[in-house]
Amino acid sequence: MFPRKRFQSDFELSAKQLQLFVQAILRRNEISGPEKSVFIRVHPWLKFPRDMEYEAVIGLETHVQLKTKSKMWCGCANEFGAEPNTNVCPVCLGMPGVLPVANEEAMRLTVLTGLLLHCEIPRFAKFDRKNYFYPDVAKNYQVTQYDQPSTKNGFVDFEFNGGITRVRITRAHLEEDVAKNFHFDRNSGVDFNRAGVPLLEIVSEPDITSADMAYEYLNALKDILIHGGISDCDMEKGMVRCDVNVSVRPKGTTELGAKIEIKNMNSFSGARQALLYEIPRQIEVVSKGGKLIQSTRRWDDMAGITEEMRTKEHAHDYRYFPEPDLMPFQPTDAWLAEVKQRLVELPLERKQRFMSTYQLPAGDARAFVDDVPLGNYFEQATRDAKNPKAVANWVINNLRAKMTETGTALADVKILPAHINELVTLVESGKISSKIAQEVFAEMFATGHPPAAIVQAKGLAQVSDTGAIEKFCDEVIAAHPGPAADFKAGKAAALNFLKGQVMKISKGQANPAMAGEVLERRLKS
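No experiment lies behind these values; they were computed from the predicted model shown.

1. Let's talk about the overall build of the protein
Scanning the protein from terminus to terminus reveals 16 helices and 13 strands. Within the protein, the proportion of its 525 residues that are buried is 44%. For the protein, the share of sequence-separated contacts (at least 6 apart) that also reach a separation of at least 24 residues comes to 68%. In the structure as shown, the protein presents an accessible area of about 28600 Å², 52% of it carried by carbon and sulfur atoms.

The structure is reproduced here in structure tokens:
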């Protein structure tokens, strides 16, 4: 029997640690041999950790080129595809003694973005110099907004996992884009055409919890910017890029982990793929007892991995200070009122309105969100309409298809919106069949004539006279004794063949429902 000892600890022990702990006790007390037994009573203070679950915390910085004709500080053209270093001037290149002049349209678009994102618009904002040295910044600093941006504290609502999710917006601040580096086999080049293009940086709060959620947020943000006329958001032209900030932490905790930034993602699918790799990578490190440090990584799309570029800089590393060559921005009531006149209906709100007001399915509503002019055309066509869904079918399935087939722009379409509803009414009242309606629509598209006038001029009205339809049916039964006998023998499908023959000899004008009833009655008698 060895002396009883009590051990206390303020930390948790794993199974392996406990094993080593017991071995140390045995060695200290010189206990060994199979004849010796050791009993350990585990006190409440000794806890065994379970397999820990981790969650991702994601924030996005989305950089969007604004839809202006000229650059941010000068009159050089804001255009894509020009010969390298042709849209440049002393201001773009940061020559000594040059003075920037703010692009007012860029200021308007920035505030308009803030309004679309439900942001506050401060009555005082300023520009700052962010100092860093890199080949794509000729003057060795970037003019941006730091502690007093033009917009702050907003949010984006979007559809995710069958519901509506909200991501808060920290700020949307205005800055200038940098030049573009090109790397060749033996040398590199810099194209300064992009330098000085107005760039909006939209910073989200770390409210995003998965790669899929990040993807849906980015697409929703892009939709808002396009609908608002802020940017064309052409990702192939580099108009939208994003930096991904991600950390992991044990579920149920509130403290943020080390933030890892994945820099310059030029596609939303790439951002999603990078997160699908990076989140498990970080979880593996911390679950094995490793430590993550704040750093910047790049996404290798070919290899499907992220790679460390550098440890992350902090704000003080950029030595921000107010831009001395630009006055603070102080919008007036009149100026803000002018910008507010440019507000548009948000894509999500538009979709929900089309679904609730016109009882459209989500797919149809989405079609009218993606194509705003077509949606406006539909709304004109549904005035006094009893069946908006039928009108939507003709607009989406027929009108849009015909426009695509003929290369016709909506502005050049000859059919008046009201005539679509008139065509629907003719079909639903039984005056023309669905087949005849297709023929009438083709004539409407070619001439712009009203459907009722076309039906009358071409004698296309549906035959609903019982006597006439009985005559058609008798002719078909006499001409096709085989299918008639098949139906009498119990083959119900034969009736459809016979009905088709009635429609054929009536040139599509027989009422198909009446034709079916008469045929069935004749064959069963």
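2. Focus on the sheet that holds strand 12 (residues 305-311)
Ordered by their spatial adjacency, 8 strands build an open sheet running 4-5-8-1-9-10-11-12, and the pairing between neighbours is mixed. This sheet does not close on itself; its edge strands, each paired only once, are strand 4 (152-160) and strand 12. Neighbour-to-neighbour, the strand axes of this sheet turn through a mean angle of 30°, independent of strand direction. Across 4 bridges, strand 9 (residues 240-250) lies against strand 10 (residues 260-265) in antiparallel orientation. Residue pairing across strands places V246 opposite I260, the latter belonging to strand 10. Along the sheet, helix 3 (residues 211-227) makes contact with strand 1 (54-65), strand 4, strand 5 (163-176), strand 8 (198-204) and strand 9, crossing strand 4 at roughly 110°. Relative to strand 9, helix 4 (residues 268-287) is tilted by about 25°, and along the sheet it contacts strand 1, strand 9, strand 10, strand 11 (295-300) and strand 12.

3. Quick notes on the environment of V339
By secondary structure assignment, the location of V339 is in helix 5 (residues 333-340). In this structure the C-alpha to C-alpha distance between V339 and T110, which are 229 residues apart in sequence, comes to 9.9 Å. Beyond its immediate sequence surroundings of up to four residues, V339 is in contact with R108, V111, L112 and L115.

4. Notes on the sheet that holds strand 3 (residues 141-144)
Paired through backbone hydrogen bonds, the strands of a sheet run either parallel or antiparallel to each other. Spatial strand order, 3-2-13: 3 strands in an open sheet with antiparallel pairing. Both outer strands of the open sheet, strand 3 and strand 13 (321-322), are each paired with one neighbouring strand and no more. Here strand 2 (residues 128-131) runs beside strand 3; their pairing, made up of 4 bridges, is antiparallel. Its bridge partner being in strand 3, K130 is matched across the sheet by Q142.

5. Observations concerning the confidence of the model for the protein
Taken as a whole, the protein shows an average pLDDT of 89; of its residues, 89% reach a score of 70 or greater. Every residue in residues 1-13 is under pLDDT 50, and counting partners more than four places away or in other chains gives 20 contacts. The model gives residues 40-50 a pLDDT under 50, and that stretch makes 17 contacts with residues more than four places away or in other chains.

6. Re the pattern of salt bridges
For the structure on display, the rule yields 35 salt bridges. One salt bridge connects R249 with E55, and the closest N-O pair in it is separated by 2.9 Å. Note that R249 is positioned in strand 9 and E55 in strand 1, a separation of 194 residues in sequence. For R249, a relative accessible area of 17% corresponds to the buried category. Classification of E55 by relative accessible area gives partly exposed; the value is 24%. Salt-bridge contacts for E443 lead to K458; the nearest nitrogen and oxygen are separated by 3.4 Å. Of this pair, E443 sits in helix 11 (residues 434-447) while K458 sits in helix 12 (residues 451-458), and the two are 15 residues apart along the sequence. The exposure class of K458 is partly exposed, given its relative accessible area of 45%.

7. What about empty space enclosed by the protein?
For the coordinates displayed, the defined rule picks out 1 cavity of 30 Å³ or more. Taken as a whole, the largest cavity holds about 90 Å³ of empty space. Surrounding the largest cavity, 13 residues form its lining, V137, A138, K139, E176 and A195 being those nearest its centre. Grouping the amino acids of the lining of the largest cavity by side-chain chemistry returns 7 nonpolar, 2 polar and 4 charged.

8. Points about the pairing of strand 5
Bridge count for strand 4 against strand 5 is 8 bridges, and the pairing is antiparallel. Each bridged residue has a counterpart across the sheet, and for K152 the counterpart in strand 5 is R171. Between strand 4 and strand 5, which pair antiparallel one after the other, the connecting turn spans 2 residues, and N161 there sits at a positive phi close to 55°. Relative to strand 8, strand 5 runs antiparallel, the two being bridged by 7 bridges. Bridge pairing in strand 8 links R171 to V203.

9. Quick word on the packing of helix 14 (residues 481-488) against helix 16 (residues 512-524)
Between helix 14 and helix 16, the shortest axis-to-axis distance is 10 Å and the interhelical angle comes to 75°. In terms of axis orientation, helix 14 runs roughly perpendicular to helix 16. Across from A484, F487 and K488 in helix 14, the residues of helix 16 making contact are E520, L523 and K524. By residue class, the composition of the contact of helix 14 with helix 16 is 3 nonpolar, no polar and 3 charged.

10. So, helix 16
In this model helix 16 runs 18 Å from its N-terminal to its C-terminal C-alpha over 13 residues, within 8% of the 18 Å that 1.5 Å per residue would give. Those residues of helix 16 not exposed but buried are A515, G516, V518, L519 and L523. Looking at the buried residues of helix 16, the elements they touch are helix 13 (466-479), helix 14 and helix 15 (494-505).

11. Comments concerning the environment of V178
Summarising the element assignment, V178 is placed in the loop between strand 5 and strand 6 (180-183). Linking V178 and A195, residues 17 residues apart in sequence, is a C-alpha distance of 4.3 Å.

12. A closer look at helix 2 (residues 104-116)
The end-to-end C-alpha distance of helix 2 is 18 Å, a good match for the 18 Å that 13 residues give at a rise of 1.5 Å each. With 11 of 13 residues buried, helix 2 lies mostly within the body of the structure. Along helix 2, the residues that are buried comprise A106, M107, R108, L109, T110, V111, L112, T113, G114, L115 and L116. Summarising the contacts, the buried residues of helix 2 are in contact with strand 5, strand 8, helix 3 and helix 5. Two to three positions downstream of the cap, the backbone nitrogen of E105 sits 3.0 Å from a side-chain oxygen, assigning the N-cap of helix 2 to N103. Downstream of helix 2 by a residue or two, H118 has a phi angle that is positive, lying close to 60°.

13. A word on the side chain of T110
Inspection of the secondary structure puts T110 in helix 2. Residue classification places T110 among the buried residues on the basis of a relative accessible area of 1%. Apart from the residues within four sequence positions on either side, T110 is in contact with L66, S150, T151, A172, L174 and L200.

Cut-offs used in this document
The residue count restarts for each chain, going from 1 along the sequence in the order it is written. Per-residue local features of the predicted model are confined to residues with pLDDT of at least 70, and side-chain atom pairs are confined, for both listing and counting, to 80 or more; whole-chain, interface and lining totals are unaffected and use all residues. Think of the side-chain values as coming from all heavy atoms in the structure, minus any hydrogens and water. Helix and strand assignments come from DSSP, with helices taken as H or I runs of at least 4 residues and strands as E runs of at least 2, each series counted from the N terminus. Burial classes follow relative accessibility: with a 1.4 Å probe on protein chains only, a residue under 20% of its type's maximum area counts as buried, one over 50% as exposed, and anything between as partly exposed. The contact criterion used is simple: two residues touch if any of their non-hydrogen atoms lie within 4.5 Å. Accessibility throughout is a Shrake-Rupley quantity obtained with a 1.4 Å probe, and a residue counts as covered only by protein chains that appear here. Any two strands with at least two DSSP bridges between them are considered paired. To obtain each axis, a line is fitted to C-alpha atoms, and for helices this fit is confined to the stretch in contact; angles are then taken between N-to-C directions over 0 to 180 degrees. The predictor's confidence in any single residue is recorded as pLDDT, a number from 0 to 100. For this analysis, a salt bridge means a side-chain nitrogen from Lys or Arg found within 4 Å of a carboxyl oxygen belonging to Asp or Glu. Here a cavity means grid points, on a 1 Å grid over the protein atoms only, where a 1.4 Å probe fits yet cannot get out; a pocket means an open set of points with protein on both sides within 12 Å along at least five of seven lines; lining residues are those with an atom within 4 Å of a point. Grid points are joined across faces, edges and corners, and a volume is the space filled by probe spheres set on the points. Only Asp, Glu, Lys and Arg are considered charged in this grouping, and only Ala, Val, Leu, Ile, Met, Phe, Trp, Tyr, Cys and Pro are considered nonpolar; every other residue, Gly among them, is considered polar. When describing relative orientation, an angle under 35 degrees is termed roughly parallel and one over 145 degrees roughly antiparallel, while 65 to 115 degrees is termed roughly perpendicular and anything else oblique. By definition here, a helix of n residues has an expected span of 1.5 Å times n minus one. Here a polar contact is taken to be a pair of N or O atoms separated by no more than 3.5 Å, where protein atoms must pair a possible hydrogen donor with a possible acceptor and residues adjacent in sequence count only if both atoms sit in side chains.

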